[in-house]
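Report on the structure
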Amino acid sequence: MKGTIRKRGDTWTYQFMVADTRRPGGRRTVSKGGFRLRREAEAALAEALSGFDDTARVEPTKMTLAQYVEGQWLPSLRLKPATVQGYRDQMGYYLLPRIGHIRLRDLTAGDVTRLYAELRSDGRRKSGGGLSESSLTKAHVALSKALGDAVEEGLLARSPMARLPKRVRPSQARGEEMHVWSAEQMQVFLDHAVDDRLFGLFRLTLATGLRRSEVAGLRWEDVDLEAGRLSVRRGRVAVGYDVVEGTPKSNRARTIGLGAETVAVLRAHRKRQLEERMSWGAAWVDSGLVFTREDGSPLHPQTLRWHLQRLAKAAGVPVIRFHDLRHIAATRALENGVPTKVLSEMLGHSSTGITENIYQHVLPHMQDSAAAVMDAVLGRRADNLLTRVEGGGQS
């Protein structure tokens, strides 16, 4: 829990937010002013915070879900900032406003069942209507993580999620929100975007399946054009609107091979970037990144989505998310015979099982292709066999 110090007129005031147990999921402001010196306000703030400090002063039997999540669970998470922010958003938008007032130890599978029913029918905050299964899955993951950690901390004997019927759990199918251009649509887009200054970014993403954070954080020092490969060592992610740089999502670096055409595109992009650098002169920002703004400063990851949408509209192809470029790359790779193991390593998945689960819609077609290939390898024997059978075994 943190607070702020502000000067109002000739005096200083502190304030901070705490959970309002009188309103489900509510918050209220605690403030006090009139301090002549800033250090007096800081000392008073520290003392006040200790009085509201967290859930340590709340008896476990009386602790509400909101008190546990906001005062203990979220502040203690040691995960990537974007992951923590995602949990915070799911809790604040969908979960705590509806069940945050329930005591942690009183929360039941029935409460969660009713919650999911409400979210499915009227869970959207702005447009109204129910949450998609994909959005509900994110809320489910956040709640499961929080309650699972409460069990590990000894606050719960067993998580209510363990008693949740399978029919109530959100569908784990991920294909419902995956939008993939056809091979023809992909070419139409690339033909239209070829003169755009970020053409190389989109071309590279479609060739390698890089995540948005990874392509935004790619540095020239990680690209070896002579050898035709690049190393994924970092990512730039948006947390709110702030940008944080860290390790890739998988927490491990990986190397990806580049085709000759992709290398040629990157060489052309580098030449264009050097021309921009000469044009900006002393005002150029030497970020070392492969894809930047015109002045060399880093691109905000969110702008890549907007840029893609504008180009897609202008090209006359369906507007998709930036992450769908990754799906397109994987789908085209599988359809053209790239082994699942190779694709899994290229995408940075921890196992081929993840790759197969996400792209299971492509695998049946691959099975058909494999069957045709094996027929061709083994040769045409069926006609001869049929003739022999019909002829009574005569050769």
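Preceding this section is the structure that the text describes.
This text gives an overview of the structure that appears in the document.

A word on the overall build of the protein chain. If you tally the helices and strands in the protein chain, you get 15 helices and eight strands. Restricting to contacts in the protein chain with at least 6 residues of sequence separation, those with at least 24 account for 60%. Taken as a whole, the protein chain presents about 22000 Å² of accessible surface, with 50% of it coming from carbon and sulfur.

Attention shifts here to the nonpolar core. Of all hydrophobic cores here, the largest spans 48 residues; its most connected members are Trp181, Phe189, Leu201, Phe202, Leu204, Phe291 and Leu325. Looking at this core, the elements with two or more residues in it are helix H6 (183-193), helix H7 (199-208), helix H8 (212-216), strand E5 (229-232), helix H9 (260-280), helix H10 (301-315), helix H11 (323-335) and helix H12 (340-347). Once residues within four sequence positions are removed from consideration, Phe291 is found in contact with Gly200, Leu201, Leu204, Val215, Leu218, Leu266, His269, Gln273 and Leu299. The next biggest cluster of nonpolar side chains, apart from the first, holds 36 residues, and it includes Tyr68, Leu74, Val112 and Val168.

Let us now look at the packing of aromatic side chains. According to the stated counting rule, one finds six aromatic pairs in the structure shown. Between Tyr93 and Tyr94 the ring centres are 6.1 Å apart and the planes differ by 75°, which places this aromatic pair in the edge-to-face class. For Tyr93, a relative accessible area of 38% corresponds to the partly exposed category. Taking the centre distance of 4.8 Å and the plane angle of 35° together, the rings of Trp181 and Phe189 count as tilted. Like Trp181, the residue Phe189 is buried in the burial classification.

The subject of this paragraph is the packing of H7 against H11. Relative orientation of the contacting elements H7 and H11 amounts to 45°, with a least axis distance of 6 Å. Classified by the angle their axes make, H7 and H11 are oblique. Touching Phe202, Thr205 and Leu206 of H7 are Leu325, Ile328 and Ala329, all from H11. Residue classes in the contact of H7 with H11 are distributed as five nonpolar, one polar and no charged.

Relative to the helices and strands, Arg197 resides in the loop between H6 and H7. Side-chain polar atoms of Arg197 contact the side chain of Glu276, separated by 2.9 Å. A distance of 2.9 Å separates the side chain of Arg197 from the backbone oxygen of Thr292, its partner in a polar contact. Arg197 has contacts with His269, Arg272, Glu276, Thr292, Arg293 and Glu294, leaving out every residue within four places of it along the chain.

Another aspect to go through is the sheet that holds strand E8 (residues 254-257). Backbone-to-backbone hydrogen bonds join strands into a sheet, with any given pair of strands oriented parallel or antiparallel. Taken in spatial order, the three strands line up as E4-E5-E8 in an open sheet, and their pairing is antiparallel. In the strand order of this sheet, the two ends are held by strand E4 (223-224) and E8, each with one partner. Note that E5 and E8 share four bridges and pair antiparallel. Within E8, the position partnered with Ser231 by the bridge is Thr255.

Across all of its chains, the model carries 20 salt bridges by this definition. Of the charged contacts, one joins Glu40 and Arg36 as a salt bridge, the two residues approaching to 3.7 Å between their closest N and O atoms. Residue classification places Glu40 among the partly exposed residues on the basis of a relative accessible area of 30%. By relative accessible area, which is 60% here, Arg36 ends up exposed. Ionic pairing is found between Glu221 and Arg234, a salt bridge with its closest N-O pair at 3.7 Å. Placement of the pair is Glu221 in the loop between H8 and E4 and Arg234 in the loop between E5 and strand E6 (235-239), with a sequence separation of 13 residues. We classify Arg234 as buried; its relative accessible area is 15%. One continuous salt-bridge network, built from bridges that share partners, spans Arg219, Glu221, Asp222, Arg233, Arg234, Arg236 and Glu245.

Turning to H6, a few remarks are in order. Residue pairs three or four apart in sequence face the same way in an α-helix, which turns once every 3.6 residues. Three or more residues of H6 are buried, namely Met186, Phe189, Leu190 and Ala193. Axial view of H6: buried residues confined to an arc of 95°, hence all on one face. The exposed residues of H6 that point more than 90 degrees off its buried face are Glu184 and Asp191. Buried positions along H6 lie against H7, H10 and H11.

Moving on: the side chain of Gln302. You can see Gln302 is positioned in helix H10. Under the relative-accessibility criterion, Gln302 is labelled buried at 19%. Setting aside chain neighbours within four positions, we find Gln302 in contact with Arg212 and Ala238.

Thresholds, definitions, all that
- Residues numbered from 1 in each chain as written.
- Predicted model: local features only at pLDDT ≥ 70, side-chain atom pairs only at ≥ 80, totals over all residues.
- Heavy atoms only, no water.
- Helix = DSSP H or I, 4+ residues; strand = E, 2+ residues; numbered from the N terminus.
- Contact = heavy atoms within 4.5 Å.
- Areas by Shrake-Rupley, 256 points an atom, 1.4 Å probe, with all protein chains shown as cover.
- Core = buried A, V, L, I, M, F, W, Y, C linked by side-chain atoms within 4.5 Å.
- Buried < 20%, exposed > 50% of the residue type's maximum accessible area, 1.4 Å probe, protein only.
- Phe/Tyr/Trp six-rings, centres within 6.5 Å; stacked < 30°, edge-to-face > 60°.
- Axes fitted to C-alpha atoms, helices over the stretch in contact; angles between N-to-C directions.
- Parallel < 35°, antiparallel > 145°, perpendicular 65-115°, else oblique.
- Nonpolar A, V, L, I, M, F, W, Y, C, P; charged D, E, K, R; others polar.
- Polar contact = N/O pair within 3.5 Å; in protein donor to acceptor, adjacent residues only side chain to side chain.
- Pairing = 2+ DSSP bridges.
- Salt bridge = Lys/Arg side-chain N within 4 Å of Asp/Glu carboxyl O.
- Arc of directions from axis to C-beta.

By themselves, these observations are geometric and do not establish any function.
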